[in-house]
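Here are the chains, one letter per residue:
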Amino acid sequence: MERLTFGLNAAFSPSEELLDGVTVAPLTSAIVAGAPFQAAVFRIAPGGRIARHPATIPQILAVLDGAGEVSGADGVAEPIAAGEAVFWRGGEEHEATTASGLTALILEGAGLEPYRRP
């Protein structure tokens, strides 16, 4: 067993313009480093956002704590809170914002599909 940490001490603040008030704590190697998928805990500070952009590959944003709003291809913001998740297809424009703060697990991978009950 290998223990991983995703607390604030394991996080960094990316310099990407589309991430405003966001820290990232990676849990896996990055896809750009050859991994087939990647996972990271994103913390979005109150008033922060992941600005609108196309998903490079399919991704799931699962809210662990807090609340905010997310939008997909239609650009319509919908509320999201702890215990909920969204799936964006590769190429789909999307955004996430929060007024009060939000912590989410983000999973990305070429073959990623959400679980659908039969």
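Structure's up top.
Residues numbered from 1 in each chain as written. Predicted model: local features only at pLDDT ≥ 70, side-chain atom pairs only at ≥ 80, totals over all residues. Heavy atoms only, no water.

**Regarding the overall build of the protein chain**
Item 1. Looking only at helices and strands, the protein chain has zero helices and seven strands in total.
Item 2. If you list the helices and strands of the protein chain from N to C, you get β-β-β-β-β-β-β.
Item 3. Taken over the C-alpha trace, the protein chain has a radius of gyration of 14 Å; the compact-globule value for 118 residues is 13 Å, and the two agree within 12%.
Item 4. Overall, the C-alpha framework of the protein chain stretches about 40 × 35 × 30 Å when taken along its three principal axes.
Item 5. Across the 118 residues that make up the protein chain, the buried fraction comes to 36%.
Item 6. For the protein chain, the exposed surface amounts to about 7,100 Å²; the carbon and sulfur share of it is 56%.
Item 7. A distance of 7 Å separates the average location of the 7 positive side-chain charges in the protein chain from that of its 14 negative side-chain charges. (Helix = DSSP H or I, 4+ residues; strand = E, 2+ residues; numbered from the N terminus. Rg over C-alpha atoms; globule rule 2.2 N^0.38 Å. Buried < 20%, exposed > 50% of the residue type's maximum accessible area, 1.4 Å probe, protein only. Areas by Shrake-Rupley, 256 points an atom, 1.4 Å probe, with all protein chains shown as cover. Lys, Arg positive; Asp, Glu negative; His and termini not counted. Charge placed at Lys NZ, Arg CZ, Asp CG, Glu CD.)

**Brief notes about the pattern of salt bridges**
Item 1. Under the defined criterion, the tally for this structure stands at three salt bridges.
Item 2. We note a salt bridge from Arg-49 to Glu-95, for which the minimum N-O separation is 3.2 Å. On the criterion of sequence distance, the pair formed by Arg-49 in strand 2 (residues 37–54) and Glu-95 in strand 6 (residues 93–97) is long-range, its members being 46 residues apart.
Item 3. A relative accessible area of 36% means that Arg-49 is categorised as partly exposed.
Item 4. A network of salt bridges, in which partner residues are shared, links Arg-89, Glu-113 and Arg-116. (Salt bridge = Lys/Arg side-chain N within 4 Å of Asp/Glu carboxyl O.)

**A short note on the layout of surface pockets**
The gaps of empty space that remain are located by a probe, the size of a water molecule, rolled over the atoms.
Item 1. In this structure, the largest pocket spans a volume of roughly 620 Å³.
Item 2. Lining the largest pocket are 28 residues, and of these Glu-16, Leu-19, Gln-38, Phe-42 and Glu-108 sit closest to its centre.
Item 3. Of the residues forming the lining of the largest pocket, the biggest block, seven residues, is contributed by strand 2.
Item 4. Residue classes in the lining of the largest pocket are distributed as 19 nonpolar, seven polar and two charged. (1 Å grid on protein atoms, 1.4 Å probe; cavity = no way out; pocket = protein on both sides within 12 Å on 5 of 7 lines; lining within 4 Å. Points joined across faces, edges and corners; volume = space filled by probe spheres on them. Nonpolar A, V, L, I, M, F, W, Y, C, P; charged D, E, K, R; others polar.)

**Some details on the environment of Asp-65**
Item 1. Following the sequence through the fold, Asp-65 ends up in strand 3 (residues 59–71).
Item 2. For Asp-65 and Arg-43, which are 22 residues apart along the polypeptide, the C-alpha to C-alpha distance reads 9.2 Å.
Item 3. In contact with Asp-65, other than residues within four places in its own chain, are Ala-82, Gly-101, Leu-102 and Thr-103. (Contact = heavy atoms within 4.5 Å.)

**So, the environment of Glu-78**
Item 1. Here Glu-78 lies in strand 4 (residues 78–81).
Item 2. Each C-alpha atom of the pair Glu-78 and Gly-68 lies 8.3 Å from the other, and the pair is 10 residues apart in sequence.
Item 3. Those residues in contact with Glu-78 that lie beyond four places of it in its chain are Gly-68, Glu-69 and Val-70.

Purely spatial values, then, with no claim about function.
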